[in-house]
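# Residue-level structure breakdown
Take a look at the letters that make up each chain.
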Amino acid sequence: MEIGTERKAEIERITRETDIKLTLCLDGAGKSNIDTGIGFFNHMLEGFAKHGFFDLEVIVIGDLDVDGHHTVEDTGIVLGQAIKEALGDKVGIKRYGSFILPMDDALSLCAVDLCGRPYFGYQSAYTAERIGELDTELIREFFYAVSYAAGMNLHIQMLSGTNNHHMAEAMFKSFAKALDEAVTKDARITDVLSTKGSLA
């Protein structure tokens, strides 16, 4: 890729519940600087950046005295907005990506379509209410927020797994790998990969 053509976005979102600053480069090297106030969530976002080869900086000040819901959901919204902005007109991208990722006992499937239309499908059953300081029910809320803010079809299924840490990590990493494939440019695609002529 030519110098200066990296697909990047910087988003700042301030509400009464959260103050979020996020920078995303789709054409990165997997570098990250993450501070959400929730240790395990930081770990998941670091894994997302590393395995998707995305450069990602996320700084969140959230109302964790209430709970983690607003912090996790709003981070998903901002990440989705950044993905959408960084992609621009989507000319030349593969559009679709999928990955089945194993992590010890856990096996996660993720499929992405950057079609411009939000849809979220999710199948997973955690046996613990929390992993570290992250409520496991918020994992679904995060991915739902990403899919709708980015305007993507996103399907995630936990095919098998018994260890909740492994299951969550496999899910974030499979999303990273599927998204990396979907945003990759293909020289054969000279416009957008749609008979409509648009992915908006």
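Bear in mind the structure is a predicted one, so any value in this text is a computation, not a measurement.

### Observations concerning the overall build of the protein chain
- A tally of helices and strands in the protein chain yields 4 helices and 10 strands.
- Along the chain direction, N to C, the helices and strands of the protein chain fall in the order β-β-β-α-β-α-β-β-β-β-β-α-β-α.
- A compact globule built from 200 residues would reach a C-alpha radius of gyration of about 16 Å, and the protein chain, at 16 Å, matches this within 12%.
- Overall size of the protein chain, expressed as C-alpha extent along the three principal axes, is 45 × 35 × 30 Å.
- By the burial criterion, 50% of the 200 residues in the protein chain qualify as buried.
- When contacts within the protein chain are restricted to residue pairs at least 6 apart in sequence, long-range pairs at least 24 apart make up 77% of them.
- As displayed, the protein chain has an accessible area near 9500 Å², and 49% of this comes from carbon and sulfur atoms.
- Across the protein chain, the 19 positively charged side chains and the 31 negatively charged ones have centroids separated by 8 Å.

### Some thoughts on the environment of L24
- For L24, the location among the structural elements is in strand β2 (residues 18–25).
- Overall, the relative accessible area of 1% leaves L24 in the buried class.
- For L24 and K8, which are 16 residues apart along the polypeptide, the C-alpha to C-alpha distance reads 5.5 Å.
- In this structure L24 touches R7, K8, A9, F54, D55, L56, L79, A82 and I83, once residues within four positions along its chain are discounted.

### Brief notes about the side chain of T71
- As for its placement among the helices and strands, T71 is situated in helix α2 (residues 69–87).
- Excluding residues that lie within four positions of it along the chain, T71 makes contacts with T18, T36, I38, F41, V60, G62, D63 and L64.

### Description of the nonpolar core
- Counting residues in hydrophobic clusters, the biggest one holds 58 residues, and the most contacted among them are L56, V112, F143, M152, F175 and L179.
- Ranked by residues supplied to this core, first place goes to helix α4 (residues 164–183) with 11 residues.
- M152 has contacts with I83, V112, D113, L114, R117, P118, Y119, V146, S147, F175 and L179, leaving out every residue within four places of it along the chain.

### Some details on α2
- End to end, α2 covers 27 Å across 19 residues, agreeing with the expected 27 Å (1.5 Å per residue, within 8%).
- G88 occupies a position one or two residues after α2 and carries a positive phi of about 60°.

### With respect to the pairing of strand β1 (residues 8–14)
- Bridging between β1 and β2 involves 7 bridges; their strand directions are antiparallel. Looking at β2, one finds that I14 is bridged to D19.
- Hairpin connection between β1 and β2: a loop of 3 residues separates the two successive antiparallel strands.

Conventions and cut-offs
- Residues numbered from 1 in each chain as written.
- Predicted model: local features only at pLDDT ≥ 70, side-chain atom pairs only at ≥ 80, totals over all residues.
- Heavy atoms only, no water.
- Helix = DSSP H or I, 4+ residues; strand = E, 2+ residues; numbered from the N terminus.
- Rg over C-alpha atoms; globule rule 2.2 N^0.38 Å.
- Buried < 20%, exposed > 50% of the residue type's maximum accessible area, 1.4 Å probe, protein only.
- Contact = heavy atoms within 4.5 Å.
- Areas by Shrake-Rupley, 256 points an atom, 1.4 Å probe, with all protein chains shown as cover.
- Lys, Arg positive; Asp, Glu negative; His and termini not counted.
- Charge placed at Lys NZ, Arg CZ, Asp CG, Glu CD.
- Core = buried A, V, L, I, M, F, W, Y, C linked by side-chain atoms within 4.5 Å.
- Expected span 1.5 Å × (residues − 1).
- Pairing = 2+ DSSP bridges.

Any functional reading would require information that these geometric values do not contain.
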